[in-house]
Amino acid sequence: MLSVHGRKPAAVVVEPVAKGLLKAGVTPNMITLAGTIATMLAMMVLIPTDHLVWAAVLSTIFAACDMVDGTMARLRGGGTAFGATLDASCDRLTDGALFGSIAMWMVYVADLSAAHVAACLAVLVLSQAISYIKARAEAGGISVVGGLIERPERLILALGGLALEGFGVPNAVVVSIWLLLAGSLFTVVQRLVFAARDDQANAKMAPPAGA
């Protein structure tokens, strides 16, 4: 939802930053890679070592690069096919790092039950599926726009839960994970319904090469 409706408010802050970086000779792909590396390091080092507030704060700052690189590409007249592929791939890597690190924290720090760890791993898988449904549908000419839990909502709930837990709110991470599990399951079904109802849903596709 926020990926559709939250761009205009964020543009007030993001566009001046993007313009400054472009003037300095920085490319969108550089920002994508730098933001991904920094975010993954923050998540994989700080979350399993129980520095939850710092993990949430730094991951939020570094994840903002995801808005900056896209704005930079638009200001340059449009992104490239490789840039879009790189950006989507890096998003999947950071999602995996986030929920993998939370699962490690659940096991090695919080000593939570197997059910909570399984829920976290399920969210990891579903987060990949949500993005894949959109990408695969669009590759077939089907439009899939929106959904209950997209990447911004996923980050807000997960990082918000980490921050609250770090500030002493009990079970904040567990609650956020179970909310994400329910919302992600709904979003997978929701996006498949969007795809099934699209005008191009029943269009014939050519067989793959070599078939």
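What counts, and where the lines are drawn
- Residues numbered from 1 in each chain as written.
- Predicted model: local features only at pLDDT ≥ 70, side-chain atom pairs only at ≥ 80, totals over all residues.
- Heavy atoms only, no water.
- pLDDT = per-residue confidence, 0-100.
- Helix = DSSP H or I, 4+ residues; strand = E, 2+ residues; numbered from the N terminus.
- Axes fitted to C-alpha atoms, helices over the stretch in contact; angles between N-to-C directions.
- Parallel < 35°, antiparallel > 145°, perpendicular 65-115°, else oblique.
- Left-handed = near helix turned anticlockwise from the far one by under 90°.
- Contact = heavy atoms within 4.5 Å.
- Nonpolar A, V, L, I, M, F, W, Y, C, P; charged D, E, K, R; others polar.
- Expected span 1.5 Å × (residues − 1).
- Buried < 20%, exposed > 50% of the residue type's maximum accessible area, 1.4 Å probe, protein only.
- Arc of directions from axis to C-beta.
- Core = buried A, V, L, I, M, F, W, Y, C linked by side-chain atoms within 4.5 Å.
- Salt bridge = Lys/Arg side-chain N within 4 Å of Asp/Glu carboxyl O.
- UniProt positions renumbered as here; feature names shortened; annotations may be inferred.
- 1 Å grid on protein atoms, 1.4 Å probe; cavity = no way out; pocket = protein on both sides within 12 Å on 5 of 7 lines; lining within 4 Å.

J.: How do you make sense of the confidence of the model for the protein when you look at a structure like this?
T.: Caution applies to low-pLDDT regions: their predicted coordinates should not be interpreted in detail. In this model, the protein carries an average pLDDT of 92, and 94% of its residues clear a pLDDT of 70 or more. Element-level pLDDT for the protein is lowest in helix 1 (residues 2-5), with a mean of 52, against a maximum mean of 97 in helix 9 (residues 172-197).

J.: Can you help me understand the environment of Leu-148 in this one?
T.: Structurally, Leu-148 can be placed in the loop between helix 7 (114-139) and helix 8 (151-166). Remark: the alpha-carbon pair of Leu-148 and Arg-191, spanning 43 residues in sequence, is separated by 9.3 Å.

J.: Is there a simple way to think about the packing of helix 7 against helix 9 in this case?
T.: Axis angle and axis distance: for two packed helices, these are the angle between their axes and the distance between the axes, and together they describe the pair. Between helix 7 and helix 9, the least distance of the axes is 9 Å, while the angle of their chain directions is 30°. For the element pair helix 7 / helix 9, the angle class is roughly parallel. Both helix 7 and helix 9 take part in a crossing whose hand is left-handed. Each of Ala-115, His-116, Ala-119, Cys-120, Ala-122, Val-123, Leu-126, Ala-129, Ile-130, Ser-131, Ile-133 and Lys-134 in helix 7 lies in contact with helix 9, whose residues at this interface are Val-174, Ile-177, Trp-178, Leu-180, Leu-181, Ser-184, Leu-185, Thr-187, Val-188, Arg-191 and Leu-192. Looking at the contact of helix 7 with helix 9, its residues break down into 17 nonpolar, four polar and two charged.

J.: What is the right way to read helix 4 (residues 52-63) from this model?
T.: A rise of 1.5 Å per residue sets the reference length of helix 4, with its twelve residues, at 16 Å; its end C-alpha atoms lie 16 Å apart and thus fit the reference within 8%. Inspection of helix 4 places Leu-52, Ala-55, Ala-56, Ser-59 and Ala-63 among the buried residues, and these make up the whole buried set. Down the axis, helix 4 shows its buried residues gathered within 95° of arc, on one side only. Opposite the buried face of helix 4, at more than 90 degrees from it, the exposed residues are Trp-54 and Ile-61. Where helix 4 is buried, its residues contact helix 3 (28-46), helix 5 (65-75), helix 6 (81-108) and helix 8.

J.: Could you clarify how one ought to interpret the nonpolar core in this entry?
T.: Across soluble globular proteins, you tend to see nonpolar side chains buried next to one another. Ranked by internal contacts, the top residues of the largest apolar core, which has 35 residues, are Ile-47, Leu-98, Phe-99, Ile-102, Met-106, Leu-162 and Ile-177. Formed by five residues, the second largest nonpolar core is a distinct cluster that contains Ala-18, Ile-31, Val-68 and Met-72.

J.: Looking at this model, I keep getting lost on the pattern of salt bridges. Mind explaining?
T.: Think of it this way: side chains of opposite charge can pair up when their charged atoms draw near. Enumeration according to the criterion identifies seven salt bridges in this entry. Between Arg-151 and Asp-95 there is a salt bridge, with its nearest N and O atoms 3.3 Å apart. Placement of the pair is Arg-151 in helix 8 and Asp-95 in helix 6, with a sequence separation of 56 residues. Note on Asp-95: relative accessible area 1%, which makes it buried.

J.: Even after reading the chapter, I still don't get the UniProt feature "binding site: Mg(2+) 1" (unreviewed entry) in the protein, so can you show me in this structure?
T.: Taken from the UniProt record, the annotation "binding site: Mg(2+) 1" (unreviewed entry) applies to Asp-66, Asp-69 and Asp-87. Taken along the chain, the residues just named run across 22 residues; in space they keep tight, none of their C-alpha pairs more than 8.5 Å apart. Checking the annotated residues one by one, the ones that line the largest cavity turn out to be Asp-66, Asp-69 and Asp-87. Positionally, Asp-66 belongs in helix 5. Setting aside its immediate chain neighbours within four residues, Asp-66 contacts Asp-87, Asp-91 and Arg-151. Following the sequence through the fold, Asp-69 ends up in helix 5.

J.: Would you explain unusual backbone geometry in this entry?
T.: Peptide bonds are trans in most cases, and residues, glycine excluded, mostly fall at negative phi. For Asp-50, which is not a glycine, the phi torsion comes out positive at approximately 70°. Mapped onto the elements, Asp-50 comes out in the loop between helix 3 and helix 4. Its relative accessible area of 42% is what places Asp-50 among the partly exposed residues. At Asn-171, a residue that is not glycine, the phi angle is positive and equals roughly 65°. On the accessibility criterion, Asn-171 (46% relative accessible area) is partly exposed.

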